[in-house]
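Here is what each chain is made of, one letter per residue.
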Amino acid sequence: MAGINKVILVGNLGKDPEVRTLENGAKVANFTLATSETYKNKEGQRVTTTEWHNIVLWRGLADIAERFLRKGNQVYIEGKIKSRTWDDKDGNKRYITEILGDNLTMLGSKRDSDGSASAPAPIENTAPDTKAGDEKDDLPF
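Caption draft 1: Expanded view of the overall build of the protein. Helix and strand content of the protein: one helix and eight strands. Going from the N terminus to the C terminus, the protein shows its helices and strands as β-β-β-β-α-β-β-β-β. Per-residue burial over the protein gives 24% buried out of 141 residues. In the protein, once contacts between residues fewer than 6 apart in sequence are set aside, the share between residues at least 24 apart is 50%. Accessible area of the protein: about 10500 Å², with a carbon and sulfur share of 48%.

Caption draft 2: Spatial organisation of the confidence of the model for the protein. Per-residue confidence for the protein averages 84 on the pLDDT scale, and 77% of its residues sit at or above 70. Scored below 50 in pLDDT, residues 112–135 shows 33 contacts in the model against residues more than four places distant or in partner chains.

Caption draft 3: Representation of the pattern of salt bridges in the model. The final tally for this structure, using the stated rule, is eight salt bridges. Across the salt bridge formed by Glu 78 and Lys 6, the nearest N and O atoms sit 2.8 Å from each other. A residue pair is termed long-range when its members are at least 10 positions apart, and Glu 78 in strand S5 (residues 74–87) and Lys 6 in the segment before strand S1 (7–13) qualify at 72 residues. Looking at Glu 78, the relative accessible area reads 14%, which means it is buried. A salt bridge links Arg 84 to Glu 98, with the shortest nitrogen-to-oxygen separation between them at 3.0 Å. Of this pair, Arg 84 sits in strand S5 while Glu 98 is found in strand S6 (residues 93–106), placing the two residues 14 residues apart along the sequence. Look at Glu 98 and you get buried, because its relative accessible area is 7%. Linked by salt bridges that have partners in common, Lys 27, Asp 63, Glu 66 and Arg 67 make up one network.

Caption draft 4: Inspection of the pairing of strand S2 (residues 18–21) at higher detail. As defined by bridge partners, S2 adjoins strand S3 (residues 27–40) across four bridges and the pair is classed as antiparallel. From the neighbouring strand, Glu 18 faces S3, where its bridge partner is Asn 30. The turn joining S2 and S3, which pair antiparallel and follow one another in sequence, is formed by five residues; a positive phi near 95 degrees is taken by Gly 25.

Caption draft 5: Focus on the side chain of Glu 78. Among the polar contacts made by the side chain of Glu 78, one reaches the side chain of Tyr 76 at a distance of 2.4 Å. Among all residues touching Glu 78, those that are not within four sequence positions of it are Lys 6, Val 7, Ile 8, Leu 100, Gly 101, Asp 102 and Asn 103.

Rules used in this analysis
Residues numbered from 1 in each chain as written. Predicted model: local features only at pLDDT ≥ 70, side-chain atom pairs only at ≥ 80, totals over all residues. Heavy atoms only, no water. Helix = DSSP H or I, 4+ residues; strand = E, 2+ residues; numbered from the N terminus. Buried < 20%, exposed > 50% of the residue type's maximum accessible area, 1.4 Å probe, protein only. Contact = heavy atoms within 4.5 Å. Areas by Shrake-Rupley, 256 points an atom, 1.4 Å probe, with all protein chains shown as cover. pLDDT = per-residue confidence, 0-100. Salt bridge = Lys/Arg side-chain N within 4 Å of Asp/Glu carboxyl O. Pairing = 2+ DSSP bridges. Polar contact = N/O pair within 3.5 Å; in protein donor to acceptor, adjacent residues only side chain to side chain.

Laid out in structure tokens, this is it:
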């Protein structure tokens, strides 16, 4: 049986995306995303815990991140978990777990220059459909 590697996160950017363009022209964006959970402990006090996630977006999503995302923005991310290892310059083995995003939606509202809120500004971008037969149908969904 095949496994499923699916992650859905809603959180706030911990920093502006760092975007690089590789030699082959592909863009990659990296940023941290904070997800918080609040609960009451045994004493009845509210406790908030925050988990930090390393997010990686490629190509078109990296371009969107570069153009529209800033520290503090709330986003919805779908993707998969990927762990990798490497040796640093001192020969130490390093490990990182990342979320490779394949769907991004901006949440919240966009602020106008006068400070008033406008309509929510969702931006969604997924990889182009590469299914064989790329046929169009008349279905409205």
